[in-house]
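The primary structure of each chain is shown beneath.
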Amino acid sequence: RVDRDLNHNPTRGEYDHDNRFPEFLLSRFTMGSAALDWDSGIGRFQSISSYQTLRDVLTGDATALYGTVLGTGEAVPFGVHGDLRTKKWTQEVRLSSSDQGNFKWIGGVFLTGEISKNYTSLQNETPGSGGSLPTPAGPMRLCEAVRPTSYREYAVFGDGTYNFTDKLDVTV
């Protein structure tokens, strides 16, 4: 990334970027899944489950952009801080007929859900320390946002197929 002004001209050189304080990204992803497959006598029962978490923590130098927009240039360094947390789960359960006979069927349910929280802040920074500049009123935080989101999906599915011959079948 190259620092640029509002006219998209490089501010330090064609290929140079100057961080006013350390930038970092920490990402942690965890996932687990399990499957059960059982011939129940009346059909094949299957259950598939998964659970995952994601956490991203980051700090970025936004001095070039906000210093230009707010007219402070490089005199006041600005940092963007983020903390994103997501948890997601899925579950599918299905029952299907055996492969014997002319009529074959399958039916089941699918469920999924996700909960996320995205915290973002923009504030002034002390160069080299990652901390806020001291001001009479405390740290100068220009923007702070917490954006929680969630969703759930449910689906029921099924079909049946009748084989009249080796070359002709109908599925509903």
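Remember, it's a predicted structure, so these values are computed and weren't measured experimentally.

Broken down by element type, the chain carries 1 helix and 6 strands. Listed N to C, the secondary structure of the chain is β-β-α-β-β-β-β in terms of helices and strands. In the chain, which comprises 172 residues, the share counted as buried stands at 22%. Summarising the internal contacts of the chain: among those between residues at least 6 apart in sequence, 61% fall at separations of at least 24. Just so you have it, the chain exposes about 11,600 Å², and 57% of that area is on carbon and sulfur atoms.

Strands belonging to one sheet form pairs held by backbone hydrogen bonds; the direction of such a pair is parallel or antiparallel. Taken together, the 6 strands give an open sheet; going across it, the order is β1-β2-β3-β4-β5-β6, and neighbouring strands pair in antiparallel fashion. Strands with a single pairing partner mark the edges of an open sheet, and in this sheet they are β1 (24-39) and β6 (169-171). Sheet twist, expressed as the average angle between the axes of neighbouring strands with direction ignored, equals 10°. Here β1 runs beside strand β2 (residues 44-61); their pairing, made up of 16 bridges, is antiparallel. Note on β2: the bridge partner recorded for Asp39 is Arg44. Set on the sheet, helix α1 (residues 63-70) makes contact with β2, β3 (78-96), β4 (103-124) and β5 (141-163); between it and β3 the angle comes to about 125°.

Looking now at the environment of Gly73. Checked against the element boundaries, Gly73 lands in the loop between α1 and β3. On the accessibility criterion, Gly73 (32% relative accessible area) is partly exposed. Along the sequence, Gly73 and Asp5 sit 68 residues apart, while their C-alpha atoms lie 9.9 Å from each other.

Using the criterion set out here, one finds 2 aromatic pairs in the structure. Arranged with centres 6.4 Å apart and planes meeting at 55°, the rings of Tyr66 and Phe78 form a pair that is tilted. Note that Tyr66 is positioned in helix α1 and Phe78 in strand β3, a separation of 12 residues in sequence. Here Tyr66 falls in the partly exposed class, since its relative accessible area comes to 28%. For Phe78, a relative accessible area of 1% corresponds to the buried category. Aromatic pair Tyr162 and Phe164: ring centres 4.8 Å apart, planes at 65°, arrangement edge-to-face. Exposure remark for Tyr162: the relative accessible area of 35% places this residue in the partly exposed category.

Pairing between β4 and β5: 21 bridges, direction antiparallel. The partner of Leu111 across the bridge, within β5, is Tyr154. Alignment of β5 against β6, held across 3 bridges, turns out to be antiparallel. Its bridge partner lying in β6, Tyr162 is registered against Val170. Between the end of β5 and the start of β6, which pair antiparallel, lie 5 residues.

This part takes up the confidence of the model for the chain. When pLDDT is averaged along the chain, the result is 85, and 86% of the positions lie at 70 or above. Below pLDDT 50 for its whole length, residues 133-138 participates in 9 contacts with residues either more than four positions away or in separate chains.

Glancing now at the pairing of β4. With 19 bridges connecting them, β3 and β4 associate as antiparallel partners. Of the residues in β4, the one forming a bridge with Asp83 is Tyr119.

What counts, and where the lines are drawn
Residues numbered from 1 in each chain as written. Predicted model: local features only at pLDDT ≥ 70, side-chain atom pairs only at ≥ 80, totals over all residues. Heavy atoms only, no water. Helix = DSSP H or I, 4+ residues; strand = E, 2+ residues; numbered from the N terminus. Buried < 20%, exposed > 50% of the residue type's maximum accessible area, 1.4 Å probe, protein only. Contact = heavy atoms within 4.5 Å. Areas by Shrake-Rupley, 256 points an atom, 1.4 Å probe, with all protein chains shown as cover. Pairing = 2+ DSSP bridges. Axes fitted to C-alpha atoms, helices over the stretch in contact; angles between N-to-C directions. Phe/Tyr/Trp six-rings, centres within 6.5 Å; stacked < 30°, edge-to-face > 60°. pLDDT = per-residue confidence, 0-100.

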